[in-house]
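Results of the structural survey
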Amino acid sequence: MSSHSISFIAAISGKIVQNVLVAHCYHRNRQVCTQYQRAFCPTSMRNLLPFEGGKLAWNDNSAMHSPFLSKYQSGCVNRGTFFCNAAPSTTASPPSEKVDFLKLQNGSDIRGVAVAGVEGEPVNLTEPVTEAIAAAFAAWLLDKKKPDSSKRLRVSIGHDSRVSAQKLQDAVSRGIAGAGLDVVQYGLASTPAMFNSTITEDDKFSCPVDGSIMITASHLPYNRNGFKFFTNAGGLGKADIKDILERAANIYNNFTVESMKDAERKAASSVKRVDYMDIYTSDLVAAVRKATGNIEKPLDGFHIVVDAGNGAGGFFAAKVLEPLGAITTGSQFLDPDGLFPNHIPNPEDKAAMKAITQAVLDNKADLGIIFDTDVDRSAAVDSTGRELNRNRLIALMSAIVLEEHPGTTIVTDSVTSDGLTAFIEGKLGGKHHRFKRGYKNVIDEAIRLNSVGEESHLAIETSGHGALKENHWLDDGAYLMVKLLNKLASVRASGVSGGSKVLTELVEGLEEPAVAVELRLKIDQSHPDLKGGSFREYGEAVLKHLENITESNPELQKAPVNYEGVRASGYGGWFLLRLSLHDPVLPLNIEVEKTLSTALSAYIAPSDEDAVKLGLLVLAAVNEFPALDTSSLDKYVRVS
């Protein structure tokens, strides 16, 4: 292997050792197996992989391929560059490292460091840890489902484009198979598809499965990875994740050479590979056709570009838009690449939104669509380059849903603007229910409202997570975009033209903030002021103090209904200080609305003075807590 190749692998893995993830395998013929499956690269072959275009490349010589690869390569079609995230087989041996499993919990997900090489981020999501987590999920599932002795439960496994995907998929497979459950591998897939596999009725695709695991860390850097879990009841909650991690710790500590070898043997003989994405995408296509009275190509003539950010969403252009008749030239970063070389796959990221906006303008497209890594979040851009994300996306989806369900309640997270409330309630005639940050919190609250008789059909976060009652309350970025396509196609079918102007007109009247600031105030957990307490207790004390100050200030009006942190209005705007769901951080949001000039009969933007006044009020209150790093707020009020 050339020094160039070695340095590339070192940059990814931090060091070159036996059984450490090797970088991408690349099929030079640009063929992708429709089953999205990859076999191991044998250890002896890793040094034979040539270097090509910044990535390790498969050689066309058949002798260079794994003997297992040809077995799963039937039915391959030309679908663009394919990265194979290959890894050698793991030698079963009990782990020796101590692991704090509960630190891997990230709300209702599990996340950790899966690839070495980033300073200060040691690997804690190893293959044995992963195998233990998977075995723990199997045990949890058996307890929940309580199958009789004649039934073997099935678990589907999918992953996004991360460089650690393959080794973790195989470790998950060993954990599930070792626990006596059947394994169905989907390979490259989206998070929403994994949930759908628990409710799809189709024996050909081994559906429905009893449980599902998606290997993803959303938009986090390439060295991270994690897991999301589903049953037909939806995604697991925080308590479930804690339960699984506690079980995993016990399983991990009791691993033996024989138990790990047994799991390896079972996985080798029982894993089934299925291209479930075919059925998932065909359902999306069918949904758009249905909205237009079953027109075969309802998007005929529409030019729509897709930016997948090199995540798992590249399928949307060829598998959803093109069968509907849309032109997709100019779509970009569709090939899966776990190093994310172009931009972070994140609809909230400014560089990502700039990239899709430029693609729309350069190609004179009608619409642009962008996904995050695992396709549970999305955003859009209209033909003029106007971004339809965050509050605008919420307003757009609210307009569409309230046309279908007049008066329904729209549930959002806590950081949405006052202008959005005025739009939903004043213009659209709906009800805005602002709840806690966190997509699972928002979804669960919408489900709760329905259970007590308050109709809600949409739960959506500013991050781009959006879930609809009609879609089983699944946060599905692709389905969210299908709702936009439905609107475009149905208006076209009724004889009205105008491209994405149809969508833009739906958000007319949305008052947007003139000033919007988000700052993060970190809690120093080593500071003596914590006196051995937790950062959460300290953060709650900060919030209680700010609440008292707010209530005694005649210039401020505390939000009458608020489920998270301290929110108050004043000086033409509002602030919200809350405690992060997972980290020792107090995020602070400040917004100042546009004001109406009676002389000009138009909205004009005020200066930052009002936002600074709100910032100074918060700063005066939190300065009494020395373990809180207020430097970002200090800088904002000084510079502004």
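Residues numbered from 1 in each chain as written. Predicted model: local features only at pLDDT ≥ 70, side-chain atom pairs only at ≥ 80, totals over all residues. Heavy atoms only, no water.

**Topic: the packing of aromatic side chains**
We count it as follows: Put simply, two rings from Phe, Tyr or Trp (the six-membered ring, in Trp's case) pair if the centres are within 6.5 Å, and we call them stacked under 30 degrees between planes, edge-to-face over 60, tilted for the rest. Only protein chains enter the area calculation, which uses a 1.4 Å probe; residues under 20% of their type maximum are buried, those over 50% are exposed, and those in between are partly exposed. Counting from the N terminus, the helices are the DSSP runs of H or I reaching at least four residues and the strands are the DSSP runs of E reaching at least two. Charges are assigned to positions over rings by a cutoff of 6 Å between ring centre and Lys NZ or Arg CZ, combined with an angular limit of 35 degrees from the ring normal.
According to the stated counting rule, one finds twelve aromatic pairs in the structure shown. An angle of 45° between the planes, with centres 6.4 Å apart, marks the rings of F227 and F229 as tilted. The same class applies to F227 and to F229, which are both buried. Summarising the aromatic geometry, the rings of Y538 and F625 are spaced 5.8 Å apart at their centres and angled 90° between planes, so their arrangement reads as edge-to-face. In this pair, Y538 sits in helix α15 (residues 535-551) while F625 sits in the loop between α16 (609-622) and β28 (628-629), placing the two residues 87 residues apart along the sequence. In this structure F625 comes out as buried when scored by relative accessible area, which is 14%. The structure contains a cluster of three or more aromatic residues connected by ring pairs, namely F137, W140, F227 and F229. Here the basic side chain of R492 rests over the ring of F302, its NZ or CZ set 4.1 Å away from the ring centre. In this arrangement the basic side chain of R567 is found over the ring face of W574, its NZ or CZ atom lying 3.6 Å from the centre.

**Overview of the sheet that holds strand β17 (residues 409-412)**
Defined as follows: For two strands to be treated as a pair, DSSP must find at least two bridges joining them. Comment: axis = line fitted to C-alpha atoms, over the contacting stretch for helices; angle = value between 0 and 180 degrees taken between N-to-C directions.
A sheet is described by the order of its strands in space; here four strands give the open sequence β18-β17-β19-β20, paired in mixed fashion. Only two strands of the sheet have a single partner each, and these edge strands are β18 (431-434) and β20 (466-468). With strand direction ignored, the average angle separating the axes of adjacent strands in the sheet is 20°.

**A few points about the sheet that holds strand β15 (residues 378-382)**
Going by this rule: Contact definition: two residues touch when any of their heavy atoms are within 4.5 Å.
In space, the four strands of this open sheet follow the order β13-β14-β15-β16, with mixed pairing throughout. If you trace the sheet from one side to the other, it starts and ends with β13 (304-307) and β16 (387-388), each paired once. Bridge count for β13 against strand β14 (residues 367-371) is four bridges, and the pairing is parallel. Counterpart to V306 in the pairing with β14 is I369. Set on the sheet, helix α13 (residues 477-493) makes contact with β13, β14 and β15; between it and β14 the angle comes to about 165°.

**Examining the pattern of salt bridges**
Put simply, the rule is: Here, a salt bridge means any side-chain nitrogen of Lys or Arg that lies within 4 Å of a carboxyl oxygen of Asp or Glu.
Applying the stated criterion across every chain, the model contains 36 salt bridges. Where D109 meets R111, a salt bridge forms, and the shortest distance between an N and an O atom there is 3.7 Å. Like D109, the residue R111 is buried in the burial classification. Between D444 and K440 there is a salt bridge, with its nearest N and O atoms 3.1 Å apart. Remark: K440 and D444 occur in helix α12 (residues 439-451); sequence separation between them is four residues, near one turn of the helix. When salt bridges with common partners are traced through the structure, they connect E258, D262, R265 and K266 into a single cluster.

**Re the nonpolar core**
Here is the rule we go by: Nonpolar cores were defined as sets of buried Ala, Val, Leu, Ile, Met, Phe, Trp, Tyr and Cys residues, with membership established by side-chain atoms within 4.5 Å.
Among the nonpolar cores identified, the biggest contains 70 residues, and F316 and L485 are the most heavily contacted of them. Broken down by element, this core gets its largest block of residues, ten residues, from α13. Among residues more than four places away in sequence, those in contact with L485 are V288, L299, I304, F316, L321, L367 and I369. Counting residues in hydrophobic clusters, the runner-up holds 41 residues, among them L125, I133, L181 and A249.

**Overview of the side chain of R377**
We count it as follows: Each polar contact in these results corresponds to two N or O atoms within 3.5 Å; when the atoms are within protein, one needs to be able to donate a hydrogen and the other to accept it, and residues that are neighboring in sequence are counted only if both atoms are side-chain atoms.
Among the structural elements, R377 can be located in the loop between β14 and β15. Reaching out from R377, the side chain makes a polar contact with the side chain of H219 at a distance of 3.1 Å. With residues near it in sequence (within four places) discarded, R377 still touches S218, H219, N346, P347, E348, I370, F371, D372, S463, G464, H465 and G477.

**A few points about the pairing of strand β8 (residues 182-188)**
Within β8, six of the seven residues are buried, which leaves the element mostly enclosed by the surrounding structure. Bridge analysis of strand β7 (residues 154-159) against β8 gives six bridges, and the strand direction is parallel. Within β8, the residue paired with V155 across the bridge is V183. Pairing of β8 with strand β12 (residues 271-273), which is carried by three bridges, proceeds in the parallel orientation. Its bridge partner lying in β12, V184 is registered against K272.

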